[in-house]
Amino acid sequence: MEMDTLTNGHLSFAELREAASLFHKLVAKVGDSLAPSAKELLRKIFAESRGVEPYDSKGLPHLLMTLRTADVFADMIDTDMSMILAILLHDAVDLGLTDIMNVRREFGEDVASILTGLSAVARFSGIDAVRQDNFRGLLISLADDIRVIIIMIVRELVLMRNINNHPDTQWVSNVAFEANCLYAQLAHRLGLYKIKGELEDLSLKYTNREIYTQIARKLNETKRSRDAYIAAFIKPLSEKLTAAGLKFDIKGRTKSISSIWAKMRKQKVDIDRIYDLFAIRVIIDTPPEKEKADCWLAYSILGDMYTPNPNRMRDWISIPKSNGYESLHATVLGPGNKWVEVQFRTRRMDLVAEKGLAAHWRYKGVKSDSTDQWMNNIRDILESAESGPMELMKDLRRDIYTQEVFAFTPKGDLFKMPAGATVLDFAFQIHSNVGAHCTGAIVNGQHRKINYKIQSGDTVEIVTSTTQTPKSEWLNIVVSPKSRNKIKQKLNEERQKLADLGKETLERRAKNRKIELDEALLMKLVKKEGYKYASEFFADITEGKIDPAKFLATYQEAAAPDQEAVRISAEEFRVDNTPDESSDDILVIGEKAINGLKYKFAKCCNPINGDDVFGFISADGMVKIHKKDCPNARNIRERYPYRLIRVNWSGRQGDLMSATLRIIGTDDLGIIANITSIISKEANVILRNISVDSHDGLFRGYLVVGVPDNQTLASLTRKIRTVKGVKDVIRS
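What you see is a predicted model, and the numbers here were worked out from it, not measured in a lab. (Residues numbered from 1 in each chain as written. Predicted model: local features only at pLDDT ≥ 70, side-chain atom pairs only at ≥ 80, totals over all residues. Heavy atoms only, no water.)

With respect to the nonpolar core
- One finds Phe-107, Ile-153, Met-160, Ile-163, Ile-195 and Leu-199 to be the most contacted residues of the largest nonpolar core, which totals 66 residues.
- Ranked by residues supplied to this core, first place goes to helix 8 (residues 146–161) with twelve residues.
- Listed in part, the 38 residues of the second largest apolar core include Ile-215, Ile-234, Val-332 and Met-349. (Core = buried A, V, L, I, M, F, W, Y, C linked by side-chain atoms within 4.5 Å. Buried < 20%, exposed > 50% of the residue type's maximum accessible area, 1.4 Å probe, protein only. Helix = DSSP H or I, 4+ residues; strand = E, 2+ residues; numbered from the N terminus.)

Remarks on the sheet that holds strand 11 (residues 460–464)
- Taking strand neighbours across the sheet as the criterion, the three strands line up as 10-9-11 in an open arrangement whose pairing is antiparallel. Unpaired on one side and paired on the other, strand 10 (446–448) and strand 11 mark the two borders of the sheet. Sheet twist, expressed as the average angle between the axes of neighbouring strands with direction ignored, equals 30 degrees.
- As paired strands, strand 9 (residues 438–443) and strand 11 are joined by five bridges and run antiparallel to one another. Paired with Gly-440 across the two strands is Val-463, which belongs to strand 11.
- Across the sheet, helix 18 (residues 423–430) lies against strand 9 and strand 11, angled at about 100 degrees from strand 9, the strand it touches most. (Pairing = 2+ DSSP bridges. Axes fitted to C-alpha atoms, helices over the stretch in contact; angles between N-to-C directions. Contact = heavy atoms within 4.5 Å.)

Focus: a nonpolar patch on the surface
- Taken together, the side chains of Leu-687, Ile-690 and Val-692 define a hydrophobic patch exposed on the protein surface, amounting to about 200 Å² of accessible area.
- Locating Leu-687 in the fold gives a position in strand 19 (residues 686–695). (Patch = residues over 30% accessible without salt bridge, like charges linked within 9 Å, V, L, I, M, F, W, Y side chains within 5 Å. Areas by Shrake-Rupley, 256 points an atom, 1.4 Å probe, with all protein chains shown as cover. Salt bridge = Lys/Arg side-chain N within 4 Å of Asp/Glu carboxyl O.)

Brief notes about helix 13 (residues 257–267)
- All of the buried residues in helix 13 are Ile-257, Ser-258, Ile-260, Trp-261, Lys-263 and Met-264.
- In the core, the buried residues of helix 13 are packed alongside helix 10 (193–207) and helix 11 (209–221).
- Immediately beyond the C-terminal end of helix 13, within one or two residues, lies Lys-268, with a positive phi of roughly 55 degrees.

Section: the side chain of Thr-422
- Secondary-structure assignment places Thr-422 in the loop between strand 8 (414–418) and helix 18.
- Residue classification places Thr-422 among the buried residues on the basis of a relative accessible area of 2%.
- Look past the residues within four positions of Thr-422 in its chain and what remains in contact with it is Ile-450, Asn-451, Tyr-452, Lys-453, Ile-454, Ile-477 and Val-478.

Remarks on the pattern of salt bridges
- Across all of its chains, the model carries 23 salt bridges by this definition.
- With a shortest N-O distance of 2.9 Å, Arg-68 and Glu-18 are connected by a salt bridge. Here Arg-68 is found in helix 3 (residues 62–76), whereas its partner Glu-18 is found in helix 1 (residues 13–30), with 50 residues between them in sequence.
- Close ionic contact of Lys-25 with Asp-71 constitutes a salt bridge, the shortest N to O distance being 2.8 Å. Of this pair, Lys-25 sits in helix 1 while Asp-71 sits in helix 3, and the two are 46 residues apart along the sequence.
- Looking at Asp-71, the relative accessible area reads 11%, which means it is buried.
- Within this structure, Arg-495, Glu-536, Asp-540, Glu-543 and Lys-545 form a network of salt bridges that share partners.

A look at the packing of aromatic side chains
- Throughout the structure, instances matching the rule amount to nine aromatic pairs.
- Ring centres of Phe-537 and Phe-551 lie 4.9 Å apart, and the angle between their planes is 55 degrees; this geometry places the pair in the tilted category. Here Phe-537, found in helix 22 (residues 534–542), pairs with Phe-551, found in helix 23 (residues 548–559); they are 14 residues apart in sequence, far enough to count as distant.
- Seen from their ring centres, Phe-601 and Trp-649 are 6.1 Å apart, and the 15 degrees between their planes marks the pair as stacked. Taken together, the residues span a long stretch of sequence, with Phe-601 in strand 13 (residues 599–601) and Trp-649 in strand 17 (residues 647–649) at a distance of 48 residues. (Phe/Tyr/Trp six-rings, centres within 6.5 Å; stacked < 30°, edge-to-face > 60°.)

A closer look at the packing of helix 11 against helix 13
- Contact pair helix 11 / helix 13: the axes reach a minimum separation of 10 Å and the direction vectors enclose 105 degrees. Put simply, helix 11 runs roughly perpendicular to helix 13. In this structure, helix 11 contributes Ile-211, Tyr-212, Ile-215, Ala-216 and Leu-219 to the contact, and helix 13 contributes Ile-257, Ile-260, Trp-261 and Met-264.
- Class assignment for the residues of the contact of helix 11 with helix 13 results in nine nonpolar, no polar and no charged. (Parallel < 35°, antiparallel > 145°, perpendicular 65-115°, else oblique. Nonpolar A, V, L, I, M, F, W, Y, C, P; charged D, E, K, R; others polar.)

Thoughts on the side chain of Ser-483
- With respect to the helices, strands and loops of the structure, Ser-483 is situated in helix 20 (residues 481–512).
- In terms of polar contacts, Ser-483 uses its side chain to reach the side chain of Asp-425, at 3.0 Å.
- Filtering out sequence-adjacent residues up to four positions away, Ser-483 remains in contact with Asp-425, Phe-428 and Val-478. (Polar contact = N/O pair within 3.5 Å; in protein donor to acceptor, adjacent residues only side chain to side chain.)

Structure below.
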């Protein structure tokens, strides 16, 4: 692929040169695995990029950012061909230079699958994306493919590297917030510590440049003395390790600026009083069967040389972290009474520590277990965050930085839980049903209550009772997201039973009074009563907090047309020729096309352009437009035939009109994302509101969309029916 395939007249010469260099570097890494037709498609795509606007809305070069992302991914994560191709092709698909079908045909299903996930992310990206409530649902839907999340993290790192001194300071602040609160925490979970540290450093730089500069300047001023101290510390340790027959590399590194700033705030001291500014890393070359033994041997040699701090000792070799991290950490009092952190790990462990779970892909038999464990862990947190995205951030951070405790069952099975975990947490860790019926436990031979806090090394035997059921106060006893989520599920099941009974009661009362309930109007009145979810309203009917008879009277009043004492017929009606500024003449009213009539669309049926409609003249001279099959149409025709007026559509297009779709389908991850994806791709269609209730594996959702006419709505309905898992779509 020649350099001129990258040429774009609007890019600077330096940008063109960098793009060409990165492009050829990446092609060299994946090119041998590509078919000739796939290579030709890549060449064509990048050649056609000459005709595309080279910069995005923030002034960043599309092509160059894509190539930088692929390059950083290859250097810091892996040279996985599918993932690199997905990164390279993402903007091309987004800009219309190719499409998913073409990618699937030329590069395979795996690349197309990753691109589909990245496209879903792109729809939710932008300023304050992380603050949006639907962002958590997006992450849950993507959690089945860890590779998409890894690419998201790398893209964020490249973005952060390229927005220094950007003129839009508010946007930079928002990007830094996302990087620190979400992507750095996800990177930590994946074991991508190098990326995590850089994201946190850059976030501090963009949000508190004065502090960042102060610490960076101080580190630079003390670099010579710090390097000399590290060299003096390493020399005798290296001699002792060599004498013991170990093969190793040993190096020192300065801690990240953000971690130093965190220590300064926590200890409330200046940087001059932070002694453990650096850490020594010993990387041992040893076969797998001797890994633990050689790490402990090196640790014992260090302990003979310097006084260790037992409170700062960390053993992640015996029991690795959930993200696969393995290392033995010791903090010792070195020369000059300075605390020094020393990390012992093998070559394999170091690769995992540098590249996280991605490094497991190089070791057969390791990927599945570690990845599944991580995915289950993060999915628990994502699904159990209670109050939107900000609580999600807190849960991610809390779970990351909380230490763990380890306890045994009577059979000797070992369970790992966050510090502070209770007997109830332990019960839910074993099984949901065990947790739901837990009444206490026998811990180390003694009876304990469900709120007893587990200590590492405890042997715990759970005591259950068939009469025990979960209670809302249990949420204050457990500390793990998984336990909290399971308790909420059980409580919701009980609440749903009450809701089903309440709905049945209301429908029976309505039938007795010959009232036909309209779903859209019913939901509107439920929200007017102050309920966010209809299930809560129906449950309160069962518990006697809502009088169904009184509510039905309110419903009838809202559903009935305006009433008046004076009878006015259509013939007697006097036309108010004052033009309605909001009218766009999309309706023809009256036998002789009377102009100037004020009208509005009835809320009980929400007619849209193209529906069969009729007009009802209200007391204030307003013509209310109803669908001919409106739930109230029969009542209006029987009681007020003299106030009806003919209405036809003029054929003109006006503003988008609201229509409500009721969707029933399988409660499956990603189905909502697929539906909203279809809507976002439809021209002249916008999504105005969405609400979803789920029960027993099924969900019922209500979508309010803005459409120009009923033909557009019918087309949208047909497309939604094609989504996997959707059972029915009905306009309500």
